[in-house]
Amino acid sequence: QLVESGGGLVQTGGSLSLSCTVSGRTFSRNVMGWFRQAPRKEREFVAAITWDGVGTDFADSVKGRFTISRDNAKNTVYLQMNSLKPEDTGVYYCAGGSRWPAIGQSAYDYWGQGTQVTVSS
């Protein structure tokens, strides 16, 4: 089970931190990723992190603004979002898998229910 939290409403230029806590899985062996889906758009890759936290990958649209990290002792992955823009609005999903690179949705085996992020202009 994956439980995301930390979404909400923020103004342009603001920050939010998302968390995703995993249970029932061997979290420390899994690649973890974040995806988002804006209204009337396809779900898209945002960021991913390797099982040991050494490797990360980001969509071009969020590079330099978002960071991803994990705490294997807490079975939790984080997404720190800074300098938010209205186009960052969407439902953010956490996902776990065992393959790297992990940009495509097919690299992931399990998904959370999502948390809403809304950036007002």
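Now for a look at the structure at hand. (Residues numbered from 1 in each chain as written. Predicted model: local features only at pLDDT ≥ 70, side-chain atom pairs only at ≥ 80, totals over all residues. Heavy atoms only, no water.)

## Comments concerning the overall build of the protein chain
Move 1: For the protein chain, the helix and strand inventory stands at zero helices and 11 strands.
Move 2: In the protein chain, the succession of α and β elements from N to C terminus is β-β-β-β-β-β-β-β-β-β-β.
Move 3: When the backbone C-alpha atoms are referred to their principal axes, the protein chain occupies close to 40 × 25 × 25 Å.
Move 4: Across the 121 residues in the protein chain, those meeting the buried criterion constitute 44%.
Move 5: Taking all contacts inside the protein chain whose residues are at least 6 apart in sequence as the whole, residues at least 24 apart take part in 56%.
Move 6: Accessible surface computed for the protein chain: about 6100 Å², of which carbon and sulfur atoms make up 46%.
Move 7: The averaged location of the 10 negative side-chain charges in the protein chain is 2 Å from the averaged location of its 12 positive side-chain charges. (Helix = DSSP H or I, 4+ residues; strand = E, 2+ residues; numbered from the N terminus. Buried < 20%, exposed > 50% of the residue type's maximum accessible area, 1.4 Å probe, protein only. Contact = heavy atoms within 4.5 Å. Areas by Shrake-Rupley, 256 points an atom, 1.4 Å probe, with all protein chains shown as cover. Lys, Arg positive; Asp, Glu negative; His and termini not counted. Charge placed at Lys NZ, Arg CZ, Asp CG, Glu CD.)

## Comments concerning the layout of surface pockets
Move 1: In this structure, the largest pocket occupies an estimated 160 Å³ of space.
Move 2: Along the walls of the largest pocket sit Arg36, Gln37, Ala38, Pro39, Lys41, Glu42, Glu44, Pro86, Glu87 and Thr89, which together make up its complete lining.
Move 3: The residue makeup of the lining of the largest pocket, split by class, is three nonpolar, two polar and five charged. (1 Å grid on protein atoms, 1.4 Å probe; cavity = no way out; pocket = protein on both sides within 12 Å on 5 of 7 lines; lining within 4 Å. Points joined across faces, edges and corners; volume = space filled by probe spheres on them. Nonpolar A, V, L, I, M, F, W, Y, C, P; charged D, E, K, R; others polar.)

## Observations concerning the sheet that holds strand 7 (residues 66–71)
Move 1: Pairing is antiparallel in the open sheet, where four strands are placed in the order 1-3-8-7. Edge positions in the open sheet fall to strand 1 (2–5) and strand 7, since each of these has one partner strand only. Between one strand axis and the next, the sheet turns through 15 degrees on average, direction left out of account.
Move 2: Relative to strand 8 (residues 76–81), strand 3 (residues 16–22) is paired through six bridges, and the arrangement is antiparallel. Across the sheet, the residue bridging to Ser17 is Gln80, located in strand 8. (Pairing = 2+ DSSP bridges. Axes fitted to C-alpha atoms, helices over the stretch in contact; angles between N-to-C directions.)

## Side note on the pattern of salt bridges
Move 1: All chains considered together, the criterion is met by five salt bridges.
Move 2: When the shortest N-O distance is used, the salt bridge between Arg36 and Glu44 registers 2.7 Å.
Move 3: Using a relative accessible area of 5% as the deciding quantity, one classes Arg36 as buried.
Move 4: Among the salt bridges present, the one from Asp88 reaches Arg65, with a minimum N-O distance of 2.8 Å. Residue Asp88 is located in the loop between strand 8 and strand 9 (90–97), and its partner Arg65 is located in the loop between strand 6 (56–58) and strand 7; the two are separated by 23 residues in the primary sequence.
Move 5: Among the residues examined, Asp88 registers a relative accessible area of 0% and is labelled buried.
Move 6: Overall, Arg65 belongs to the buried group, its relative accessible area being 11%.
Move 7: Connected through salt bridges with shared partners, the residues Arg36, Glu44, Arg65 and Asp88 form a single ionic network. (Salt bridge = Lys/Arg side-chain N within 4 Å of Asp/Glu carboxyl O.)

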